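Report on the structure
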Amino acid sequence: MRVAIAGAGAVGRSIAAELLEDGHAVLLIDKSPEAVSVARVPEAEWLLADACEISTLDEAALERCQVVIAASGDDKVNLVVSLLAKTEYGVPRVVARVNNPKNEWLFTDSWGVDVAVSTPRLMSALVEEAVSVGDLVRLLRFSQGEANLVEVTLPEKAPLVGTRVGEVAWPQDTALVTIIRGTRVLIPDPDDALAAGDELLFVASPDRETELEGLFGPGATRTRPTPKGPDTGSGPS
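Throughout, residues of each chain are indexed from 1 in the direction in which the sequence is written. Restriction of local features to residues with pLDDT of at least 70 applies here, the model being predicted, together with a cutoff of 80 or more for giving and counting side-chain atom pairs; totals for whole chains, interfaces and linings are based on all residues. Excluded from the side-chain calculations are hydrogens and water; all other atoms, namely the structure's heavy atoms, are used.

Let us now look at the overall build of the protein. Helix and strand definitions here come from DSSP, where helices need a minimum of 4 consecutive H or I residues and strands a minimum of 2 consecutive E residues; each element is numbered from the N-terminal end. Tallying secondary structure elements over the protein gives five helices and 11 strands in all. For the exposure calls, accessible area comes from a 1.4 Å probe over protein chains only, and a residue counts as buried if that area is under 20% of its type's maximum, exposed if over 50%, partly exposed in between. By the burial criterion, 43% of the 237 residues in the protein qualify as buried. In this description, contact between two residues means that some pair of their heavy atoms is separated by no more than 4.5 Å. Partitioning the contacts of the protein with sequence separation of at least 6, the portion at a separation of at least 24 is 55%. Counting only carbon and sulfur atoms, one obtains 53% of the accessible surface of the protein, whose full area is about 12800 Å². Residue exposure ignores everything except the shown protein chains as possible cover, and the areas themselves are Shrake-Rupley values with a 1.4 Å probe.

Quick look at the structure:
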């Protein structure tokens, strides 16, 4: 996979190193000579140029990239790069860094962003995740699909403890994608029973988050009704 990263600061270089380690081809773009330090990530391609310029993106052959990551420290730059990558070059996947949470509302598919990653929001979410049990924690927003990656830790006395996954009436537009149980990562199976302390990761529509959180509150018993067996007609005729 070929990935172009706009912004060769600490964030961009770290992402590049991870992707290179996984065997991907990476191009780092930055207009600052101080940021372009080939020795720091020698396996990557480097381009000293302004990523907001069409000529730069032409030189970078952005049309050959499967992913573009707008990782600069300037939200305006990240929005312009995202829009150009999607509309001018048809890049399938555009990931953008949000530096100021107040600008998060702009990072949508209207600006070509498929996934917006807000570092401040993610850090606060991870803090909440560490201390919250039974509360829904939003980890990541998927702009194009208008969905969020959310997490909830199942409280010890939650009504759903012991309930099989397939018996729970999960809200519409909600998908349980994984269960983290201790050191194990489980792919949910309808016959798996939920256990206290399970970390449940969902992809859910924002409109369904309140309904989803309600499943784990006191007195919640939203399970699917047990199908009735066929009427045998054994009573008196």
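That was the structure; now back to the text.
Okay, helix α1 (residues 10-21) next. The span you would expect from a helix comes to 1.5 Å times its residue count less one. Between its first and last C-alpha, α1 extends 17 Å over 12 residues, near the 16 Å set by a 1.5 Å rise per residue. Here the buried face of α1 lies against β1 (2-6), β2 (25-30), β3 (45-48) and β4 (67-70). Count one or two residues on from α1 and you reach Gly23, which has phi positive near 95 degrees.

What follows deals with the sheet that holds strand β5 (residues 93-98). The strand order across the open sheet built from 11 strands is β3-β2-β1-β4-β5-β6-β7-β8-β11-β9-β10, with neighbouring strands paired in mixed fashion. Among the strands making up the open sheet, the edge pair consists of β3 and β10 (184-186). In this sheet, adjacent strand axes meet at a mean angle of 20 degrees when their direction is disregarded. Alignment of β1 against β2, held across five bridges, turns out to be parallel. Its bridge partner being in β2, Ala6 is matched across the sheet by Ile29. Any two strands between which DSSP finds at least two bridges are classified as paired. Axis geometry follows a simple rule: fit a line to the C-alpha atoms, using only the stretch in contact for helices, then measure angles between N-to-C directions, giving values from 0 to 180 degrees.

On to the environment of Ala61. Along the chain, the position of Ala61 falls in the loop between α2 (54-59) and β4. Looking at Ala61, the relative accessible area reads 11%, which means it is buried. Each C-alpha atom, one on Ala61 and one on Ala4, is 9.3 Å from the other, the two residues being 57 residues apart in sequence.

Another aspect to go through is the nonpolar core. Judged by nonpolar contacts, the single largest core of 25 residues is most densely connected at Leu62, Val68, Val91 and Phe107. Every element with two or more residues in this core is listed here: β1, β2, β4, α3 (75-87) and β5. Broken down by element, this core gets its largest block of residues, four residues, from α3. Throughout this description, the term nonpolar core refers to a set of buried Ala, Val, Leu, Ile, Met, Phe, Trp, Tyr and Cys residues connected via side-chain atoms within 4.5 Å.

A cavity here means a set of 1 Å grid points, computed over protein atoms only, where a 1.4 Å probe fits but cannot escape. A pocket is an open set with protein on both sides within 12 Å along at least 5 of 7 lines, and lining residues have an atom within 4 Å of a point. Grid points are joined across faces, edges and corners, and a volume is the space filled by probe spheres set on the points. Under the definition given, this model contains one cavity of 30 Å³ or more. As a volume, the largest cavity reaches approximately 30 Å³. Residue lining of the largest cavity: Ala4, Ile5, Ala6, Ile29, Ala51, Leu57, Leu62, Val68 and Val81, and that is the complete set. With three residues, the top contributor of residues to the lining of the largest cavity is β1. In this classification, the charged set is Asp, Glu, Lys and Arg, the nonpolar set is Ala, Val, Leu, Ile, Met, Phe, Trp, Tyr, Cys and Pro, and all remaining amino acids, among them Gly, are polar. Along the lines of polarity and charge, the residues of the lining of the largest cavity split into nine nonpolar, no polar and no charged.

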